[in-house]
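Listed below, chain by chain, are the residues.
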Amino acid sequence: MPEGLSVEQLHVSRRGPSGAPRPVLSGVDLAVAPGEFVALVGASGSGKTMTAMSVLGLLPPQVQLDAGSIRLGGTDLARAGEAELDSVRGGRIGMLYQQPKRMFNPRRTVLQHLREPLRLHGGLRGGAARERALELLSEVGFRDPESCARAHPHQLSGGMAQRAMVALALAGRPEVLLADEPTSALDTVLERQILELIDRERRDRGLGVLYISHNLATVSAYADRVVVLDAGRVVEAGPAGTVLNRPRSACTRALLEAAALTPADTPPPAAGTGAGAALALERVTKTFGTGRRRGRPAVEQVTLELRDREILGVLGQSGSGKSTLARLAVGLEAPDAGRVTGAPGAPGSAGPVRTGVQLVFQEPHDSFDPRMRLRTSLEAPLRQHRDLPAEEREARLLDAVREVELDPELLERYPGQCSGGQLQRLTIARALLLEPTVLICDEATSALDAATQRTVLDLLLRLHRDRALSLIMISHDLGVIRYMSHRVAVLHHGTLVELAPTREFFAAPRHEHSRQLVAAALPRVCAILDHHTLPPEHRDVPA
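These remarks concern the structure in this document. Nothing here was measured: the structure is a model prediction, and the numbers come from that model.

Thresholds applied
Residues numbered from 1 in each chain as written. Predicted model: local features only at pLDDT ≥ 70, side-chain atom pairs only at ≥ 80, totals over all residues. Heavy atoms only, no water. Helix = DSSP H or I, 4+ residues; strand = E, 2+ residues; numbered from the N terminus. Expected span 1.5 Å × (residues − 1). Buried < 20%, exposed > 50% of the residue type's maximum accessible area, 1.4 Å probe, protein only. Arc of directions from axis to C-beta. Pairing = 2+ DSSP bridges. Phe/Tyr/Trp six-rings, centres within 6.5 Å; stacked < 30°, edge-to-face > 60°. Core = buried A, V, L, I, M, F, W, Y, C linked by side-chain atoms within 4.5 Å. Domains from an automatic or database assignment. Contact = heavy atoms within 4.5 Å. Salt bridge = Lys/Arg side-chain N within 4 Å of Asp/Glu carboxyl O. Axes fitted to C-alpha atoms, helices over the stretch in contact; angles between N-to-C directions.

### Focus on helix α14 (residues 390-403)
Its 14 residues give α14 an end-to-end C-alpha distance of 20 Å, which sits within 8% of 20 Å, the value for a rise of 1.5 Å per residue. Taken residue by residue, α14 has R393, L397, L398, A400 and V401 as its buried positions. Down the axis, α14 shows its buried residues gathered within 160° of arc, on one side only.

### So, the sheet that holds strand β2 (residues 21-32)
If you trace the 4 strands from one edge of the open sheet to the other, you get β2-β1-β4-β5, paired in antiparallel fashion. Two strands bound the open sheet, and with one partner strand each, they are β2 and β5 (75-76).

### Observations concerning the packing of aromatic side chains
One pass over the full model with this rule turns up 3 aromatic pairs. When the centroid spacing of 6.3 Å and the interplanar angle of 25° are considered together, the rings of F37 and Y222 count as stacked. Of the two residues, F37 sits in strand β3 (residues 37-42) while Y222 sits in helix α9 (residues 216-222), which places them 185 residues apart along the sequence. The pair formed by F37 and Y222 is uniform in burial state, with each residue classed as buried.

### A look at unusual backbone geometry
In the Ramachandran plot, R309 falls in the positive-phi region, its phi being about 65° despite a non-glycine side chain. In this structure, E443 takes a positive phi of about 55° despite not being glycine. Take E443: it is sitting in the loop between β18 (438-442) and α16 (450-466).

### Section: the nonpolar core
One finds I93, L114, L178 and V226 to be the most contacted residues of the largest nonpolar core, which totals 88 residues. Counting contributing residues per domain, this core is built from domain 1 (5-92 + 175-259) and domain 2 (109-173), each supplying no fewer than three. With sequence-adjacent residues up to four places away left out, I93 is seen in contact with V55, L56, L72, L77, V88, P174, V176 and L178. Membership of the second largest hydrophobic core comes to 40 residues, among which are L382, L397, A429 and M484.

### Comments concerning the pairing of strand β21 (residues 495-501)
Relative to β21, strand β20 (residues 487-492) is paired through 6 bridges, and the arrangement is antiparallel. What sits directly across from V488, in β21, is A500. Connecting the antiparallel pair β20 and β21 is a turn made up of 2 residues, with H493 showing a positive phi of about 55°.

### Let's talk about the pattern of salt bridges
Per the counting criterion, the structure on display carries 28 salt bridges. One salt bridge connects E409 with R22, and the closest N-O pair in it is separated by 2.9 Å. With E409 in the loop between α14 and α15 (420-432) and R22 in strand β2, this pair connects stretches of sequence that are 387 residues apart. A relative accessible area of 46% places R22 in the partly exposed class.

### Quick notes on the sheet that holds strand β6 (residues 93-96)
One open sheet holds the 6 strands; their spatial order is β6-β7-β8-β3-β9-β10, and the pairing between them is mixed. Sheet topology places β6 and β10 (233-239) at the edges, where each strand pairs with a single neighbour. Mean inter-strand twist for the sheet, computed between neighbouring axes without regard to direction, equals 15°. Across 4 bridges, β6 lies against strand β7 (residues 176-180) in parallel orientation. If you follow L96 over to β7, its bridge partner there is A179. In the packing of helix α1 (residues 48-56) onto the sheet, contacts are made with β3, β6, β7, β8 (208-212) and β9 (225-230), and the angle to β6 comes to roughly 150°.

Here it is as structure tokens:
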């Protein structure tokens, strides 16, 4: 019989550079009963991930558990030895991590990863283990499980890696699943598929779910109870309907209001806005692999234009070619056919692509050297300008960090000492340091809570207006695309299947795949999300 998880009066602290402890979690109480779906929500850096890491006994070296109990049935995990914890991790407790690529061994294939929990916790070996692994990969949405099973982590997109992590977490048939933003990199179709798979496990065999998320639409659709964290403390807890529709704390109200990305009434700019094309892709094709391992094209015969001062939204399922398109546009990959160009005679052009094109990557942890302090990583682009005085370099660095609503004190940390949301904002700050004319955001807000996401999106809109910046917003979040974009492009199996003005796209999508994406979006059943209206100061945002 599954046993529930209980956390009582959990206190966790982090030692700073001076050696003095600083509280990370203060008196956290929560419980997950068998078959219950509990959502843990809060702003980036509020302690959500640290709570999950405490349960598994996987706190970073500089972080320590000071007091409290963590019980899984009759086992006190806070006092368990490493051997006992090893038997629990991946077995009685499954874990879905926020940054799945960081959790895979880069030298092992997906199949090799799956064989381990199937052997240790399911007793499956050989052909039986392989068959079950392929079943799991099929259940989480892979059209070609065999190909995925052979792949190494670096050969997967962010969304594909997240689905593989879901399969890995469920392989040991856990009693409790700790899910840390498990669908943040997935499109609406796959998000619903994964959530329905988790929900089926919950209903069929009593799986308890602690679901860490900033996606309040997901929370309202699936959660039985909601626990709200703010600065390491539980500020509100109760039934989902009560917390989301009648919030008591200011933190909960702020998250709900920020989640309502209501498009404004201003129509998008007319065709031909600006002096021409800021960036153009002409019949671009890119295929990875060689010889027999050469797969189907990741991007095939794509022709797409980003106009000056335009915000172009790019939608598509995981593995549809969105990230490959971004890497081609910025020059990190060379097309096999076709070409990528800036506007003819555009200022700052150097070769085929404008030098002022910057990319905000999908995986913030992969964007920084884990051995370097964040200050060193962010300063690197500025150090290329030898004529820039040290005082001006420091001022620009601090201004960029404050512009993304972060404390400059974070610059003295290493990447592993920051939350995913904090690192995501720092990647945007680094991209802005070179004052680009084109900014490509590849799921740039997927790891952020609602309030932080709104802050970053509004920052990008201000940059678009004030600096005449052209943006490509790659996202699976239809709310983000609708809030930000003038036009929407849809990729499907590497090809461009639809390009339309935003309002027209959401009112009547033409392609069947576009209709599937729009139809699969989770319903916003929370009353506050349904009826919130955008503040007057944001109503000039493009619809």
